[in-house]
Amino acid sequence: MDSDDPTTPLLGRPRENRIRRAGARLCSLESWRRRFPISIWLPNYSLDHLFRDIVAGVTVGLTSIPQGIAYAMVAGLPPQVGLYASIFPGFVYMLFGSCKDVTVGPTAILSALLAKYVARSQDFAYLAAFLTGCVIMLLGILQLGFLLDFISKPVISGFTTAAALQISASQLRSLFRIAGTSGHTFIDAILNFFTNIKTIQLWDSVLGVASIIFLLLLKRVKPSGNLEKAFQCVLRARNALLVLLTSILAFVLYKPDRSPFVLTGKIEGGLPKFGPPPFSTVVGNTTIGFNEMLEVFGAEGLVMPLVAILESIAIAKAFAGSAAVDGTQEMIAVGACNLLASFAQSMPATGSFTRTALNHASGVATPAGSFFKACLVLLAVTLLADAFYFIPRAALAAIIMVAMMSIIDFSIVRILWGASKSELAVWAITLVVGASAGLEYGIAAGAAADVLRTLANAARAELTAQPCKVGIRGFVLVTLPSGLHYMAGARLGRRVRAFREGNSPLVLDAAALHHLDVGVAEALVSVMLELEEQGNKVVLWNLRENHQRLLEQLRPDLRSRFFNGPAIEQRLLDGEIQAGEGDF
C-alpha cells in the first residue's frame, strides 16, 4: 500500500492507540507500585502494625516449625528442607505479596505430589521449586490467571479430598510404626497398613493416638473469662506445644541403646548451601542431565505449579473479605517465592490454609508478618536444630492427620446431589482416580470429565416454547438460549419441529442469543425451510446484526424473516406476520 494513502494512518491508529495505552499502563508509577506492594504499605507502617506483625509472626512460626519438619518427611526430604521452605519464601513474600494474611511455606498436598520424584533423588525437590516458580511467574507476567477459572469447584474439592486421604493414609506407617512402605497412593498406603498390621508397635501407637486426641480436644476448647487471651495463645500454638511435650517425654525415656519411639533424628542445622538449583543429579549410579530430569517430571510435573497457585489464590480470596485480590500479583509473588527459594535448598511452597487462618486470627497487619515468621524459623534451624532430634515421628504424624481433617470435604456431596448430579460425578471421578492412581492423574481425569460435562450441556441447549394469541391470531413463541454451539445443531432441529402447532407460525425469540456457530446456523436454516414447506412460517425476532448477516450469507432470501424493535404482538396485529387462526 502506498504510504501516501490517507487511509493508512486511519487504519493503524486504533492499534497504535491501544499499544500506547498498554505501554502507559505498564510503565506508570502506579503499575510498578502494584508489582511491589511493600512500596504501598511500608510508608504508612506504624508501631501498632509492628507489634501486631511480631505477635502474628511468632504465633505462626511456632506452627510452621513442626509442620515444616512433618511436610518435609511426607515428601521424603531431610527435615531442615521443610524449614528452609518456610524461611526464604517468607522473606520474598513480604516484598511481593499483596495479601497481608497469606503465609507461604510447604503444604501437605505439594509434599505428596513431590514424594515420588524425591524417591529418585532429593535434587528433584530443589529443581521442582525452581520450575514451579518459573511457570507461575510466567503465568503472572502474561496475565494468564484466567486459565485457573477452567478448574471447577468439584474438581478442586475432589482433588483436595483425595490428597488429604492419601496424606493421612501415608502417615499410618509413622503413627503406628509399622513395617513396609506407604507407596504413592491412598490405596497403596491402606494395603501396606493391613498387610503389615501385625508389626504395629505399642508405644508409638499409644503416643500417636494420644497426640491426635490432645490436638482435637485443644481445637474444640472455647476459653472464656480473665484468662481467655492467654488460653487463645496456647490453643493457637497447640502443634508446637505437642512437639514440646512429646519431645520432653522422648528425652526422659531415651536410652543410648534403645528408645520407645521412633525419633526425628539428627537435623543438619544452620544455613543452607546457597547456589543455583541442580540441573543434573545422580540416580543410582547414573548421572542424568537437565533434559532427563524434565522427562522424569513429564507433563504430570505441571500439576505442582497449578496446585500451588490454586491454593494460594483460593486462600487469598477466602481471607480478603470485601477487598479485591490481585490474582496476577499473587502469581508473581508465589512464583518469586519459589524461584528465589530454590537457590537456598527449598522445596516448593505456596499459601497454607492452616497457617494463613492462624495469621489472620492473630491480627496480622501487613505482609511483614511473614518476615517475622521467617525470622523465628531461621533462629530455630540455626540455634535449636539439636533439640529437634527428640521429636517423635508419631507426634508429627498426628499433627499432619489432624490438619488433614479440616481439608477433607464430604459435605459437598449433599449439595451436588441436590443441585447437579453431573458435577457430583466429576467430583467422584477426581476423588477415585486421585486416590487410586495418583493425585496428578486425579486432577487430569476430573478436568477431562468436566470438559465432557460442559460439552454435553452445550449439546443439550434448552429451548422453551409458549403458545400465544393476539386476538384471533395464534403463534408459538420459542425462546432461544444465550449460546448455540455446533454440537447443538441436531437437537435444535428436533426441538423446533416438536414445537410446531398446526399451521401456526413460530416466532424464535433471539434476544438472549449471543453466540451462534455456523453449523447451528445451517441447521436453523434447514428447519425453517422445512417447516415453511409444511405451512408453518418461521420468523426470527431480535436477532443480532452479525447473526443476521451469517444467515443471509447462507440463505439471502431470509432477510424478510427478521424482525426487531416493537413487540411481536403488534407485528401480528399489523398483519406483517400471517398467523393461523384458532385456539391452541
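See the structure printed just above.
Residues numbered from 1 in each chain as written. Predicted model: local features only at pLDDT ≥ 70, side-chain atom pairs only at ≥ 80, totals over all residues. Heavy atoms only, no water.

**Q** What am I meant to see in the overall build of the protein chain here?
**A** Regarding its fold elements, the protein chain presents 26 helices and 12 strands. Its C-alpha atoms give the protein chain a radius of gyration of 31 Å, clearly above 25 Å, the size a compact globule of 584 residues would have. Counting the 584 residues in the protein chain, one finds 49% classified as buried. Residue pairs at least 24 apart in sequence account for 78% of intrachain contacts in the protein chain once pairs closer than 6 positions are excluded. As presented, the protein chain carries roughly 28,000 Å² of accessible surface, and 62% of it is formed by carbon and sulfur atoms. Treating the 49 positive side-chain charges of the protein chain as one cloud and the 42 negative ones as another, the clouds have centres 8 Å apart. (Helix = DSSP H or I, 4+ residues; strand = E, 2+ residues; numbered from the N terminus. Rg over C-alpha atoms; globule rule 2.2 N^0.38 Å. Buried < 20%, exposed > 50% of the residue type's maximum accessible area, 1.4 Å probe, protein only. Contact = heavy atoms within 4.5 Å. Areas by Shrake-Rupley, 256 points an atom, 1.4 Å probe, with all protein chains shown as cover. Lys, Arg positive; Asp, Glu negative; His and termini not counted. Charge placed at Lys NZ, Arg CZ, Asp CG, Glu CD.)

**Q** What is the right way to look at empty space enclosed by the protein in this model?
**A** Empty space among the atoms can be located by rolling a probe the size of a water molecule over them. One pass over the full model with this rule turns up one cavity of 30 Å³ or more. If you add up the space inside the largest cavity, you get close to 40 Å³. The wall of the largest cavity is formed by Leu113, Tyr117, Glu300, Gly301, Val303, Met304 and Glu440. Those elements giving two or more residues to the lining of the largest cavity turn out to be helix H6 (108-118) and helix H15 (303-320). (1 Å grid on protein atoms, 1.4 Å probe; cavity = no way out; pocket = protein on both sides within 12 Å on 5 of 7 lines; lining within 4 Å. Points joined across faces, edges and corners; volume = space filled by probe spheres on them.)

**Q** Explain the packing of helix H8 (residues 153-170) against helix H22 (residues 439-459) to me, please; I cannot follow it from the model alone.
**A** Two quantities define a packed helix pair, namely the angle between the helix axes and the distance between the axes. Viewed as axis vectors pointing N to C, H8 and H22 meet at an angle of 160 degrees, and their least axial separation amounts to 9 Å. In terms of orientation, H8 and H22 fall into the roughly antiparallel class. When the axes of H8 and H22 are compared, the crossing they make is right-handed. Taking contact as the criterion, the partners of Val155, Phe159, Ala162, Ala163 and Gln166 in H8 are, on H22, Leu439, Ile443, Gly446, Ala447 and Asp450. When grouped by side-chain class, the residues that make up the contact of H8 with H22 number seven nonpolar, two polar and one charged. (Axes fitted to C-alpha atoms, helices over the stretch in contact; angles between N-to-C directions. Parallel < 35°, antiparallel > 145°, perpendicular 65-115°, else oblique. Left-handed = near helix turned anticlockwise from the far one by under 90°. Nonpolar A, V, L, I, M, F, W, Y, C, P; charged D, E, K, R; others polar.)

**Q** It is not clear to me how the environment of Ile167 should be interpreted in this structure. Could you clarify?
**A** On the secondary structure map, Ile167 appears in helix H8. Separated by 59 residues in sequence, Ile167 and Ala108 place their C-alpha atoms 7.1 Å apart. Contacts of Ile167, omitting those with residues within four sequence positions, involve Ala108, Ile109, Ala112, Ile400 and Met404.

**Q** Before we go on, may I ask you to explain the packing of helix H11 (residues 202-220) against helix H19 (residues 393-405) in this structure?
**A** Axis separation between H11 and H19 bottoms out at 8 Å; the angle between their running directions is 40 degrees. Between H11 and H19, the interaxial angle falls into the category oblique. Note on packing geometry: the crossing formed by H11 with H19 is right-handed. Side by side, H11 and H19 meet where Asp204, Leu207, Gly208, Ser211, Ile212, Leu215, Leu216 and Lys219 of the first sit next to Ala394, Ala395, Ala398, Ile399, Met401, Val402 and Met405 of the second. Residue composition of the contact of H11 with H19, grouped by class: 11 nonpolar, two polar and two charged.

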